[in-house]
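Spelled out, the chains give:
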Amino acid sequence: MNDDTRHPYEALTPDTVLDALLPLGLYGDGRLLALSSYENRVYQVHLEEPFHGSEVVVVKFYRPGRWSDAQILEEHAFAAELERAEVPAVGPLAPGGQTLHHHAGFAFSVSPRRGGRAPELDDAEVLEWIGRYLARLHTVGAQHAFRARPALDVQSFGEEPRDWLLTHEAIPLDVQGDWSRLCAQALAAIRAAFAQAQEAGVRKLRLHGDCHPGNILWTPDAGPHFVDLDDARTGPAVQDLWMLLSGERVQRQRQLGALLDGYEQLRDFDRAELALIEPLRTLRLVHYSAWLARRWDDPAFPLAFPWFGSSDYWRGQVQMLEEQLEAMEEPPLIA
């Protein structure tokens, strides 16, 4: 294969990973494990000597071209603010006095390993605990603004991904017309919801941004801690809550109540934001399809998502857009 056609991550061999650590004074003992991650490449590395108490570290190689150094450093600075405020979020270590490093064309960071399991989201006590920690995270997030990292908005999360998919003919022709029509209707409804939220005075702040259950690790004694601030953006607080809701409306209502019971022990929550839950869910639907299509040259993606791109997949997306249009017309959850 011509090297010009290789994906950058194909050059990220185990030797490259270990060599990247050497200038930092970190020496792997040869035990290296690739962790589950598609956007970036993440490895667990055992060290010959502990660094700041960590015998095992997690090394994240950022996807080339996705974030600028300034945007990555804002993520790191946010993580440091959270740690100073004793919010349980895992941030990078600073070997050599720096949190961001470069090797072989890759930007990377080194973090301590933190264990845990997925939280039990049907347990009201667990949700209340997570709600308290999200309130603390948002209290820190509201203190300053991002300068380099983007906002979560309709244009970048909906319209631009929609346009990319159509321009690059990523949708089979037998489905393209239906998907394009429904997507346009959905984006119009989302724009109207965001405009109403703005008129209602909904505030934006720095967020975790991708607060799904996989990015919360639970330990029985210490409770939850947040990992992976890679998608930290500016947006409404409810963005960090809605991905923790699942099931039928009555179940989501109960989960939301438990989250806000904890959240509002420490921070007020604007009920006007609840009208953004289904619009935000719909934006993620569009953005996710474009994310898969844009990453298809990465060899990991066809292996992990073999169902993507078929007419059946896109017919399923049409059905989900229809369902989301109905959901956006329903009254928002109350709490």
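In what follows, the accompanying structure is described. (Residues numbered from 1 in each chain as written. Predicted model: local features only at pLDDT ≥ 70, side-chain atom pairs only at ≥ 80, totals over all residues. Heavy atoms only, no water.)

Considering the pattern of salt bridges
The condition that has to hold: The rule for a salt bridge is simple: a side-chain nitrogen of Lys or Arg has to be within 4 Å of a carboxyl oxygen of Asp or Glu. Strands here are runs of E lasting at least two residues and helices are runs of H or I lasting at least four, both read from the DSSP assignment and numbered beginning at the N terminus.
In this structure the tally under the stated criterion is 24 salt bridges. Here Arg284 ties to Asp210 by a salt bridge, and the two come within 3.1 Å at their closest N and O atoms. Of the two residues, Arg284 sits in helix 8 (residues 277–294) while Asp210 sits in the loop between strand 6 (205–206) and strand 7 (216–219), which places them 74 residues apart along the sequence. When salt bridges with common partners are traced through the structure, they connect Glu39, Arg41, Lys60, Arg63, Arg66, Glu75, Asp228, Asp230, Asp231, Arg295 and Asp298 into a single cluster.

Regarding a negative patch on the surface
This is how the line gets drawn: The patch calculation keeps residues exceeding 30% relative accessible area without a salt bridge and links them within 9 Å when they carry like charges or within 5 Å when they are nonpolar (Val, Leu, Ile, Met, Phe, Trp, Tyr). All accessibility values rest on the Shrake-Rupley procedure with a 1.4 Å probe; residue burial counts only the protein chains present in the view. Counting rule applied: Lys, Arg positive; Asp, Glu negative; His and chain ends not counted. The location of each charge is read from NZ of Lys, CZ of Arg, CG of Asp or CD of Glu. Each residue's exposure class comes from its accessible area (1.4 Å probe, protein chains only) as a fraction of the maximum for that residue type: buried when under 20%, exposed when over 50%, partly exposed otherwise.
Together, Glu120, Asp122, Asp123 and Glu125 make up a region of like negative charge exposed at the surface. For Glu120, a relative accessible area of 49% corresponds to the partly exposed category.

Some points on unusual backbone geometry
Phi is positive for Glu169, close to 50°, though the residue is something other than glycine. Residue Glu169 is classed as exposed on the basis of its relative accessible area of 65%.

Notes on the nonpolar core
What counts is decided by this rule: Here, the term nonpolar core denotes a set of buried Ala, Val, Leu, Ile, Met, Phe, Trp, Tyr and Cys residues that are joined through side-chain atoms within 4.5 Å. Should any heavy atoms of two residues lie within 4.5 Å, those residues are considered in contact.
Among the nonpolar cores identified, the biggest contains 74 residues, and Ile130 and Trp179 are the most heavily contacted of them. The leading source of residues in this core is helix 5 (residues 173–199), at 10 residues. Each residue touching Trp179, except ones within four places of it in the same chain, is listed here: Arg162, Leu165, Leu166, Ile171, Val286, Trp314, Gln317, Val318 and Leu321. Core analysis: the next-biggest nonpolar cluster, separate from the first, contains 18 residues, Leu24, Leu47, Leu93 and Phe108 among them.

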